[in-house]
Amino acid sequence: MTIPPTDVAAHTGSSTTRWLGLAVMAGVVTMFLLGFFVAPEDDLMADSVRMIFVHVPSAILTYVAFGVTAVGSLMWLWKRSVWWDIAAHAAAEIGVVFCGLTLVTGSIWGRPTWNTYWEWGDVRLVTTLILFLMMVGYLAVRSMGGDEAAVSTRAAIVGLIAAVNLPIVNRSVEWWADRTLHQQSSITDGKLEDWTLFTMVLGIVVWAMFFLWAMLHRFRVGWLERQLRVGDLDEAIAARRAEAVDAGGDA
Amino acid sequence: MPIVALRGLVALLGRFPALAGVDLEVGAGEIVLVQGPNGAGKSTLLRVCAGLLRIESGSAEVLGHDLSVDRAAVRRSVGLLGHDTALYDDLSVEENLRFWARASRVDEAAVPAALDRLGVSPRLHDVAVRHLSAGQRRRTALAAVVVRRPRLWLLDEPHAGLDQRGRDLIDQLIVDAAGDGATVMLASHELDRTVDLATRHLTVAGGTITADRRSDSGWSSSDEPGPGVTEQGGSDVS
Amino acid sequence: MFRDARIVAAKDLQIEWRSRVTFSQVVPFATLVLVLFGFALDANRPVLERATSGLFWITVMFVSTLAVQRSTSIETSDGARRALLLAGIEPAAVYAGKTAAVAVQLLLVQVVLVAGVVVLFGAEIEAWGLLISTCVVATVGIAGAGTLFGALVAGVRARETVLPILLLPVLAPVLIGATRAFDDAFGSVAVDGWSWLGLLAGFGIINLVLGSLSYGVLLEET
């Protein structure tokens, strides 16, 4: 399958990305203001509750990104869809950043509550850590050299294995925390008041827009990369046959 | 029914069109010599016929099986000798042959005879492959092909690395196989000996077939080799 | 299909027998790791006893990456992979055979390791049935996932370092489950080991199915 050549763009921006980018920036500023000045302190956690505005959206988008990678992997293996393959790769790269952010904010936020930087009993956080490692592995496979289609296939299988095994990881950590450690209720349980709730939802929206913005850019980069490498198959065939003529044969 | 029928075949190695449009029909009992410069696509052609590579476009039928649908069926019926030997270093000659015989569902009793035909001395049968010379390994690898009695033989530089007697053995094998009704396609730079042997002579360049001559159209070994081939004296092991 | 798997497994074990990599290299390595743990934990008896299950299975994890690499590298020698395809063996049979061979080798190493922890860490085995069952079920899962990943990274540069990164996160449930079951078997912690066995079995089955389905794609396309 070939990618039809488009006018090769000098950049990956477009009016969509510009509007999104502006919206994201406006959103972040709003979140900052609301988060620090308007939303109330939490009785237990004082100011550190503000982490929720970054932590929860990051967590949600992490799993959205991972979902895209998983679906993309399936579509590549099933339909050999280049579009989905590029999307899977892009989502993994962006997702791994969101995942790291989730873990860091989770750790910092948890410190006052748990008195440690890491609570093994927090099932969701531990599962997310494993997910992070799996995504790193996925990206490592992507950066291995070799035949493009082979790389895509390998990465897709890694993606699928990760998607299938993540629920098993979650279940096993849950049992483990239940039966041996004292399972800590996740820091995100509990009621949320009006402004806090609003800011958090706003955070999810802003993060989602950021995700879209990043995906658009990254996807387009991936697309252009492929084009550069592929060129046009017919051209390549013609060039190949020309070798025969150069060698003096009658093609 | 032709043994091999290719039409407009395009095969990619990654993104590179190793075969850029091949039309070919080969019938039973033919001995086809495939020659051409390095990188022309000879090995790729053999591998496609073995059912190892996906085809990008065009049609390909080998031994009655459509390659775009069922490559596995083709693989079982061909014997491919590539540049590598597919032998396990730690196992002995006989153990290797027995494994491949069992895997190919061939009677293991045929193993000693196959080794004999390839001139692999019985003293070597229990020797681990890692201790063999390159020539002996080649013979063992060929024995693994012989044991399967394939209907289509695909040999990539079969004479490479063999001594004079070994090369004679190969020639005899090829003639015997064709005599049994099998079809042989071999890629070789050894034009001096194989041109006489072959019933058909293909020249591959730039991923296509640029010349296709049969022995009854009257060429002899003193003819110019096909276009795109450099003259060489002695063997040219690529 | 089972016949073919048996042939492949027999071939792998035959090669192992010939080259003795497991016995001359892997077993000493495993024992060495146990000894090093002893040094690292200051030969503190109570700590060692409490940590035995975990140390055992971490050692098994490391050993499994070695075993899988070895299993995969057998086929990359001189085009054997391609020849397996040519012989007409179903990829799923190759997968099953190689998984079985790796599992056998891992189990043999575990026998030595059990002796090792009894001797070096003073572990006392209360429930032999649980211990053995855990070893078998966990090993099947480890071998299944490992063989698949092994084929995935075959033929690519820097293969050695990527395999652990891919395999070990996926094996986290096995580590958790097997360790808890061993704790029960050693009587060191009050847990219900048998319930963990169910999780291990589930892991094994799911990954074996995944492996059988994906192995063919890998062999054909890469």
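Residues numbered from 1 in each chain as written. Chains lettered and ligands numbered in written order. Predicted model: local features only at pLDDT ≥ 70, side-chain atom pairs only at ≥ 80, totals over all residues.

Some words on the overall build of chain A
- Secondary structure assignment for chain A yields seven helices and zero strands.
- Counting helices and strands in the order they occur from the N terminus, chain A gives α-α-α-α-α-α-α.
- In chain A, which comprises 251 residues, the share counted as buried stands at 40%.
- Of the contacts formed within chain A by residues at least 6 apart in sequence, a portion of 80% connects residues at least 24 apart. (Helix = DSSP H or I, 4+ residues; strand = E, 2+ residues; numbered from the N terminus. Buried ≥ 20, exposed ≤ 12 C-beta atoms within 10 Å, placed from the backbone. Contact = placed C-beta atoms within 7 Å.)

Here's the deal with the overall build of chain C
- A count of helical and extended segments in chain C gives nine helices and zero strands.
- Overall, chain C shows an N-to-C arrangement of helices and strands of α-α-α-α-α-α-α-α-α.
- Against the compact-globule benchmark of 17 Å for 222 residues, chain C has a radius of gyration of 18 Å, which places it among compact chains.
- The principal-axis extents of the C-alpha atoms in chain C amount to approximately 55 × 35 × 30 Å.
- The 222 residues of chain C split such that 55% are buried.
- Partitioning the intrachain contacts of chain C with sequence separation of at least 6 by distance along the chain shows that 85% fall at a separation of at least 24. (Rg over C-alpha atoms; globule rule 2.2 N^0.38 Å.)

Here's the deal with the pairing of strand S2 (residues 16–26) of chain B
Residues and elements named next belong to chain B.
- For S2, the buried fraction is high: eight of the 11 residues fall into the buried class.
- Inspection of the sheet shows strand S1 (residues 4–13) paired to S2 by eight bridges, in the antiparallel sense. Within the sheet, the bridge partner assigned to Val-4 lies in S2 and is Val-26. (Pairing = 2+ DSSP bridges.)

A look at the interface of chain A and chain C
- On the side of chain C, 24 residues touch chain A, which itself brings 28 residues to the contact.
- Where the side of chain A that touches chain C is concerned, the elements lending two or more residues are helix H4 (123–142) and helix H5 (148–179) of chain A.
- The leading source of residues in the side of chain A that touches chain C is H5(A), at 16 residues.
- Here the side of chain A that touches chain C is composed, by residue class, of 19 nonpolar, seven polar and two charged. (Nonpolar A, V, L, I, M, F, W, Y, C, P; charged D, E, K, R; others polar.)

Description of helix H1 (residues 2–19) of chain C
- End to end, H1(C) covers 26 Å across 18 residues, agreeing with the expected 26 Å (1.5 Å per residue, within 8%).
- Burial in H1(C) covers these residues: Asp4(C), Ala5(C), Ile7(C), Val8(C), Ala9(C), Lys11(C), Asp12(C), Ile15(C) and Glu16(C).
- Looking at the buried residues of H1(C), the elements they touch are helix H3 (93–103) of chain B together with helix H2 (21–40), helix H3 (45–76) and helix H5 (91–121) of chain C. (Expected span 1.5 Å × (residues − 1).)

Topic: the interface of chain B and chain C
- Each partner contributes to the interface: chain B provides 21 residues, whereas chain C provides 18 residues.
- Mapped by element, the contributors of at least two residues to the side of chain B that touches chain C are helix H2 (71–77) and H3 of chain B.
- Per-element tally for the side of chain B that touches chain C: the top contributor is H3(B), with five residues.
- Residues belonging to the side of chain B that touches chain C are distributed by class as follows: 11 nonpolar, three polar and seven charged.

Some details on the pairing of strand S8 (residues 183–187) of chain B
Residue and element names in this part refer to chain B.
- Burial analysis of S8 places five of its five residues in the buried class, which makes it a mostly covered element.
- By the alternation rule, side chains of S8 split into Thr-183, Met-185 and Ala-187 and Val-184 and Leu-186, which are all buried.
- Summarising the sheet, strand S3 (residues 31–35) and S8 pair through four bridges and their orientation is parallel. Paired with Val-34 across the bridge in S8 is Ala-187.
- The sheet contact formed by strand S7 (residues 152–156) and S8 spans five bridges and is parallel. Residue pairing for S8: Leu-155 is matched across the bridge by Leu-186.
- In this view, the connection linking S7 to its parallel neighbour S8 by way of helix H6 (residues 164–179) has right-handed handedness. (Right-handed = clockwise from strand over helix to strand, strands pointing away.)

Comments concerning the sheet that holds strand S9 (residues 200–205) of chain B
Residues and elements named next belong to chain B.
- Across the sheet, six strands lie side by side as S6-S7-S8-S3-S9-S10; this open sheet has mixed pairing. Each end of this open sheet is capped by a strand with a single partner; those strands are strand S6 (78–81) and strand S10 (208–214). With strand direction ignored, the average angle separating the axes of adjacent strands in the sheet is 15 degrees.
- In the packing of H6 onto the sheet, the strands contacted are S3, S7 and S8, and the crossing angle to S8 comes to about 150 degrees. (Axes fitted to C-alpha atoms, helices over the stretch in contact; angles between N-to-C directions.)

Brief notes about the nonpolar core
- Among the nonpolar cores identified, the biggest contains 220 residues, and Leu97(B), Ala143(B), Leu154(B), Val184(B) and Met185(B) are the most heavily contacted of them.
- Discounting residues that sit within four places of it in the chain, Leu154(B) has contacts with Leu46(B), Cys49(B), Ala50(B), Val78(B), Gly79(B), Leu80(B) and Met185(B). (Core = buried A, V, L, I, M, F, W, Y, C linked by C-beta atoms within 7 Å.)

Quick word on the sheet that holds strand S4 (residues 57–62) of chain B
- Ordered in space as S2-S1-S4-S5 (chain B), the four strands form an open sheet in which the pairing is antiparallel. In the strand order of this sheet, the two ends are held by S2 and strand S5 (65–66) of chain B, each with one partner.

Notes on the environment of Asn207(C)
All names here are of chain C.
- The topology assignment puts Asn-207 in helix H9 (residues 193–221).
- On the basis of neighbour counts, which here come to 27 C-beta atoms within 10 Å, the residue Asn-207 falls in the buried class.
- On a C-alpha basis, the gap between Asn-207 and Ala-151 in space is 14 Å, while along the polypeptide they are 56 residues apart.
- When residues no more than four places from it in sequence are discounted, the contact partners of Asn-207 are Gly-141, Gly-144 and Ala-145.

Considerations on the confidence of the model for chain C
- When pLDDT is averaged along chain C, the result is 90, and 96% of the positions lie at 70 or above.
- ipTM for the predicted complex: 0.91, alongside a pTM of 0.86. (pLDDT = per-residue confidence, 0-100.)

Considerations on the packing of H3(B) against helix H4 (residues 110–117) of chain B
Residue and element names in this part refer to chain B.
- Interaxial distance between H3 and H4 falls to 10 Å at its minimum, and their mutual angle equals 120 degrees. Accordingly, the angle class assigned to the pair H3 and H4 is oblique. Handedness of the crossing formed by H3 with H4: right-handed. Contacts between H3 and H4 pair Val-93, Glu-94, Leu-97, Arg-98 and Ala-101 from the former with Ala-110, Val-111, Ala-114 and Leu-115 from the latter.
- Considering only residue class, the contact of H3 with H4 consists of seven nonpolar, no polar and two charged. (Parallel < 35°, antiparallel > 145°, perpendicular 65-115°, else oblique. Left-handed = near helix turned anticlockwise from the far one by under 90°.)

Quick notes on the packing of H3(C) against helix H8 (residues 172–186) of chain C
Residues and elements named next belong to chain C.
- Close contact between H3 and H8 brings their axes to 8 Å; oriented N to C, the two are set at 140 degrees. With respect to each other, H3 and H8 are oriented oblique. As for how H3 packs across H8, the hand of that crossing is right-handed. Facing H3, whose interface residues are Thr-52, Ser-53, Gly-54, Phe-56, Trp-57 and Met-61, H8 presents Leu-175, Ala-178, Thr-179, Phe-182, Asp-183 and Phe-186.

Description of unusual backbone geometry
- Within the chain, Arg80(A) stands out as a residue other than glycine whose phi angle is a positive 55 degrees.
- Relative to the helices and strands, Arg80(A) is located in the loop between helix H2 (52–79) and helix H3 (82–114).
- In the Ramachandran plot, Ala86(B) falls in the positive-phi region, its phi being about 55 degrees despite a non-glycine side chain.
- Within the element layout of this structure, Ala86(B) appears in the loop between S6 and H3.
- The exposure class assigned to Ala86(B) is buried, which follows from the 24 C-beta atoms found within 10 Å.

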